[in-house]
Amino acid sequence: MFGFLKQVGEYTRDAVDAARNLTQGLAVTFDHMKRRPVTVQYPYEKLIPSERYRGRIHYEFDKCIACEVCVRVCPINLPVVDWVMNKETKKKELRNYSIDFGVCIFCGNCVEYCPTNCLSMTEEYELAAFDRHSLNFDNVALGRLPTSVTTDPSVQPLRELGYLPAGAMDPHGVPADQPRAGRLPEQILASLSSNPGSGAGDGGESSGSAPAKEESAE
Ligand code: SF4
Ligand code: SF4
């Protein structure tokens, strides 16, 4: 009899413990339900890509000298440079240029090494197509203006985390005129040139000021 009562007592204590733990868990869950979800409602809201975002490549036919450097530095020799040698002028004549974005890995090597800067990375990342052959962009398709999140009237552009003001974690409701945390590279360069000794003691900006010092030394 005593053993049975002891078992009932332990069972009741365990049940109360389980109910308390369950209530604590549910309290945390309901507390989260009171917060605004940090969700980007694509396609009505889109994050603004960063300054060095590697989107679709832009190409300027008039600047290209058909040197094929972009082909040599590409990990898969992807750009197709179609040129012929003009025997009279003894110069290359560019016929066509194409990059297949179904194969490109957007590493940006071609953009880095192009000697005439006729290649550049854009912020356009919506390249999905039903036909993989339509991803093979010729020089006309590569030369068109890229779409932009900030100029699309049907889209609410939101700043990425690294571009939010100090302390802000949610891009919603952040005023557009509020400056981002930290400084832009050109602002660091400007402060270094106006006050050459101030770069080293700039707390929290070490990652940004190091390349700035390198650039100013060149
Ligand atoms: S971004 Fe990279 S993979 Fe794409 S064409 Fe340029 S070098 Fe090749
Ligand atoms: S590296 Fe630049 S200039 Fe040379 S072929 Fe490629 S796109 Fe043209």
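Refer to the structure presented above.
Residues numbered from 1 in each chain as written. Chains lettered and ligands numbered in written order. Predicted model: local features only at pLDDT ≥ 70, side-chain atom pairs only at ≥ 80, totals over all residues. Heavy atoms only, no water.

J.: Any details on the site of ligand 1? Residues and values, ideally.
T.: In the vicinity of ligand 1, the contacting residues are Ile 57, Cys 74, Pro 75, Leu 78, Pro 79, Cys 104, Ile 105, Phe 106, Cys 107, Gly 108, Asn 109 and Cys 110. By residue class, the composition of the shell around ligand 1 is 10 nonpolar, 2 polar and no charged. (Near = heavy atom within 4 Å. Nonpolar A, V, L, I, M, F, W, Y, C, P; charged D, E, K, R; others polar.)

J.: Lay out a nonpolar patch on the surface with the relevant residues and their values.
T.: A cluster of nonpolar side chains, namely Met 1, Phe 4, Leu 5 and Val 8, defines an oily patch on the protein surface of about 460 Å² accessible area. Using a relative accessible area of 37% as the deciding quantity, one classes Val 8 as partly exposed. (Patch = residues over 30% accessible without salt bridge, like charges linked within 9 Å, V, L, I, M, F, W, Y side chains within 5 Å. Areas by Shrake-Rupley, 256 points an atom, 1.4 Å probe, with all protein chains shown as cover. Salt bridge = Lys/Arg side-chain N within 4 Å of Asp/Glu carboxyl O. Buried < 20%, exposed > 50% of the residue type's maximum accessible area, 1.4 Å probe, protein only.)

J.: Summarise the site of ligand 2; cite the residues concerned and give the values.
T.: Close to ligand 2 lie 14 residues; Cys 64, Cys 67, Glu 68, Cys 70 and Cys 114 are nearest. Of the residues contributing to the shell around ligand 2, the split by class is 12 nonpolar, 1 polar and 1 charged.

J.: How would you sum up the sheet that holds strand 4 (residues 91-100)? Please name residues and give values.
T.: One key point about sheets: their strands pair by backbone hydrogen bonds, in either a parallel or an antiparallel sense. The 3 strands lie next to each other as 3-4-6, forming an open sheet whose pairing is antiparallel. One side of each edge strand has no neighbouring strand; the edge strands of this open sheet are strand 3 (80-86) and strand 6 (136-137). Two elements, strand 3 and strand 4, share 7 bridges in a ladder whose sense is antiparallel. Each bridged residue has a counterpart across the sheet, and for Met 85 the counterpart in strand 4 is Lys 92. (Pairing = 2+ DSSP bridges. Helix = DSSP H or I, 4+ residues; strand = E, 2+ residues; numbered from the N terminus.)

J.: So what's going on with the nonpolar core? Which residues, and what values?
T.: Counting residues in hydrophobic clusters, the biggest one holds 23 residues, and the most contacted among them are Tyr 59, Tyr 97, Ile 99, Phe 101 and Leu 119. At the level of secondary structure, the elements contributing two or more residues to this core comprise strand 2 (57-59), helix 2 (69-73), strand 4 and helix 3 (109-113). With sequence-adjacent residues up to four places away left out, Ile 99 is seen in contact with Ile 57, Leu 78, Pro 79, Cys 104, Leu 135, Asn 136, Phe 137 and Leu 142. (Core = buried A, V, L, I, M, F, W, Y, C linked by side-chain atoms within 4.5 Å. Contact = heavy atoms within 4.5 Å.)

J.: Can you tell me about the packing of aromatic side chains, naming the residues and giving the values?
T.: Taken as a whole, this structure holds 5 aromatic pairs when the rule is applied. Plain terms: the ring middles of Tyr 59 and Tyr 97 are 4.0 Å apart, the flat faces sit at 10° to each other, and that makes the pair stacked. Pair noted here: Tyr 59 is in strand 2 and Tyr 97 is in strand 4, with a separation of 38 residues, a long-range link. According to the relative accessible area criterion, Tyr 59 is buried, its value standing at 2%. Looking at Tyr 97, the relative accessible area reads 1%, which means it is buried. Arranged with centres 5.0 Å apart and planes meeting at 80°, the rings of Phe 101 and Phe 137 form a pair that is edge-to-face. A residue pair is termed long-range when its members are at least 10 positions apart, and Phe 101 in the loop between strand 4 and helix 3 and Phe 137 in strand 6 qualify at 36 residues. The residues Phe 101 and Phe 137 share a single accessibility class, namely buried. An aromatic cluster is built from Tyr 59, Phe 61 and Tyr 97, whose rings are joined through pairwise contacts. Over the ring of Trp 83 we find Lys 92, and its NZ or CZ is 4.5 Å from the ring centre. (Phe/Tyr/Trp six-rings, centres within 6.5 Å; stacked < 30°, edge-to-face > 60°. Lys NZ or Arg CZ within 6 Å of the ring centre and 35° of its normal.)

J.: Lay out the pairing of strand 4 with the relevant residues and their values.
T.: The turn joining strand 3 and strand 4, which pair antiparallel and follow one another in sequence, is formed by 4 residues; a positive phi near 55° is taken by Lys 90. As paired elements, strand 4 and strand 6 share 2 bridges and run antiparallel to each other. The residue of strand 6 that forms the bridge with Ile 99 is Phe 137.

J.: Account for the environment of Glu 45, with residues named and values stated.
T.: By secondary structure assignment, the location of Glu 45 is in strand 1 (residues 45-47). Along the chain, Glu 45 and Gln 156 lie 111 residues apart, while their C-alpha atoms are 4.6 Å from each other. Among residues more than four places away in sequence, those in contact with Glu 45 are Thr 39, Val 40, Gln 156, Leu 158 and His 172. Of note is the side chain of Glu 45, whose polar atom sits 3.1 Å from the side chain of His 172. (Polar contact = N/O pair within 3.5 Å; in protein donor to acceptor, adjacent residues only side chain to side chain.)

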